[in-house]
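Inside the fold
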Amino acid sequence: MQRTTLRVGLGHDTHRLGEGGPLVLGGIEIPHDRHAIGHSDADVLLHALTDALLGAAALGDIGELFPDTAAENRGRCSKEMLRLAYDRVRAAGFGVVNVDCVVFAQRPKLGPHKRRIQETIAELLAVPASQIGVKAKTGELVGPVGREEAIMAECVAVVERLETADDKAA
Ligand code: MG
């Protein structure tokens, strides 16, 4: 029987926006007049990515791993949560192939920041930046994104089964 070696995961996240910056997004701080509100540092992009990776390995979701009822998760760095979640994914026998992300934000313009976000995510996952897609859309001035009440992100992640010593011997 042929083993399945590739798996895909999907992640989505939404956070409310409040007055005052900076905006933490994709592991970086972006100068802005609004910030995402949340129990952790409210990095909507890293949360969606974390869920996509966990989902690809069928390991549950970020809320199960880091409950917002736990004091140690208050203000927690999403980069650390992503690293810990990806450690679980690797321990389950999977390594990331590529990820693709979309951020939905009316403002700020993310064009000038996308490269740094891409490089930050690549570094966190220890893969080349060419394996990380980062895209941005506005809310066309309608809905919670367009009215700058919320910021959202969606992400898909493809992982492959890591070859073990047993596989090589087989
Ligand atoms: Mg979140």
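For the structure given in this document, a descriptive report is provided here. (Residues numbered from 1 in each chain as written. Predicted model: local features only at pLDDT ≥ 70, side-chain atom pairs only at ≥ 80, totals over all residues. Heavy atoms only, no water.)

**Some words on the coordination of the magnesium ion**
Just so we agree on the cut-off: Coordinating N, O and S atoms are those within 2.8 Å of the metal (3.2 Å for Na, K and Ca), and as water is not part of the atoms, a site may appear to have fewer donors than expected. Elements are defined by DSSP. Helices are runs of H or I of four residues or more, strands are runs of E of two residues or more, and each kind is numbered from the N terminus. Exposure categories follow from relative accessible area, calculated using a 1.4 Å probe and restricted to protein chains: below 20% of the type maximum is buried, above 50% is exposed, and the middle band is partly exposed.
Within the first shell, the magnesium ion binds the protein through Asp13 (OD), His15 (NE2) and His47 (ND1), at distances of 2.1 to 2.2 Å. Read in sequence order, the donor residues coordinating the magnesium ion give the pattern D-x1-H-x31-H. Remark: histidine 47 occurs in helix α1 (residues 44-56) and histidine 15 occurs in strand β1 (residues 6-19); sequence separation between them is 32 residues. Residue classification places histidine 15 among the buried residues on the basis of a relative accessible area of 12%.

**Things to note about the side chain of histidine 113**
To keep it simple, the criterion reads: In this description, contact between two residues means that some pair of their heavy atoms is separated by no more than 4.5 Å.
Looking at where histidine 113 falls in the secondary structure, it is placed in the loop between β5 (94-104) and α4 (114-125). Sequence-distant contacts of histidine 113, that is, excluding residues within four places in its chain, are made with Ile28, Ile30 and Pro31.

**Thoughts on a nonpolar patch on the surface**
What counts, and what does not: Here, patches come from residues exposed beyond 30% relative accessible area and free of salt bridges, joined within 9 Å for like charges and within 5 Å for nonpolar side chains (Val, Leu, Ile, Met, Phe, Trp, Tyr). Note on areas: Shrake-Rupley with a 1.4 Å probe; residue coverage comes only from the protein chains shown. Whenever Lys or Arg places a side-chain nitrogen within 4 Å of a carboxyl oxygen from Asp or Glu, that contact is recorded as a salt bridge.
Taken together, Val8, Leu10 and Val156 make up a surface patch of nonpolar side chains, about 290 Å² in accessible area. Mapped onto the elements of the fold, leucine 10 is located in strand β1.

**A look at the pattern of salt bridges**
The tally for this structure, following the rule as stated, stands at seven salt bridges. Where glutamate 19 meets arginine 34, a salt bridge forms, and the shortest distance between an N and an O atom there is 2.9 Å. Of this pair, glutamate 19 sits in strand β1 while arginine 34 sits in strand β4 (residues 34-37), and the two are 15 residues apart along the sequence. Judged by relative accessible area, arginine 34 falls into the buried class, the value being 14%. Its salt-bridge partner being arginine 115, residue glutamate 119 comes within 2.8 Å of it at the nearest N-O pair. Taken together, the residues glutamate 119 and arginine 115, both in helix α4 and four residues apart, mark about one turn of the helix. Glutamate 119 sits in the partly exposed class, given a relative accessible area of 38%.

**Describing the packing of helix α3 (residues 78-91) against α4**
What counts, and what does not: The angle between two axes is taken between their N-to-C directions and runs from 0 to 180 degrees, where each axis is a line fitted to C-alpha atoms and a helix contributes only its stretch in contact. Note on angle classes: values under 35 degrees are labelled roughly parallel, values over 145 roughly antiparallel, values of 65 to 115 roughly perpendicular, and the remainder oblique. For any helix crossing, the convention is left-handed if the near helix is rotated counterclockwise from the far helix by under a right angle, and right-handed if that rotation is clockwise. Only Asp, Glu, Lys and Arg are considered charged in this grouping, and only Ala, Val, Leu, Ile, Met, Phe, Trp, Tyr, Cys and Pro are considered nonpolar; every other residue, Gly among them, is considered polar.
Between α3 and α4, the shortest axis-to-axis distance is 10 Å and the interhelical angle comes to 40°. Between α3 and α4, the angle is such that the two are oblique. Handedness of the α3/α4 crossing: right-handed. Residue-level inspection shows Lys79, Leu82, Arg83 and Tyr86 of α3 in contact with α4, the latter providing Thr120, Leu124 and Leu125. Residue classes in the contact of α3 with α4 are distributed as four nonpolar, one polar and two charged.

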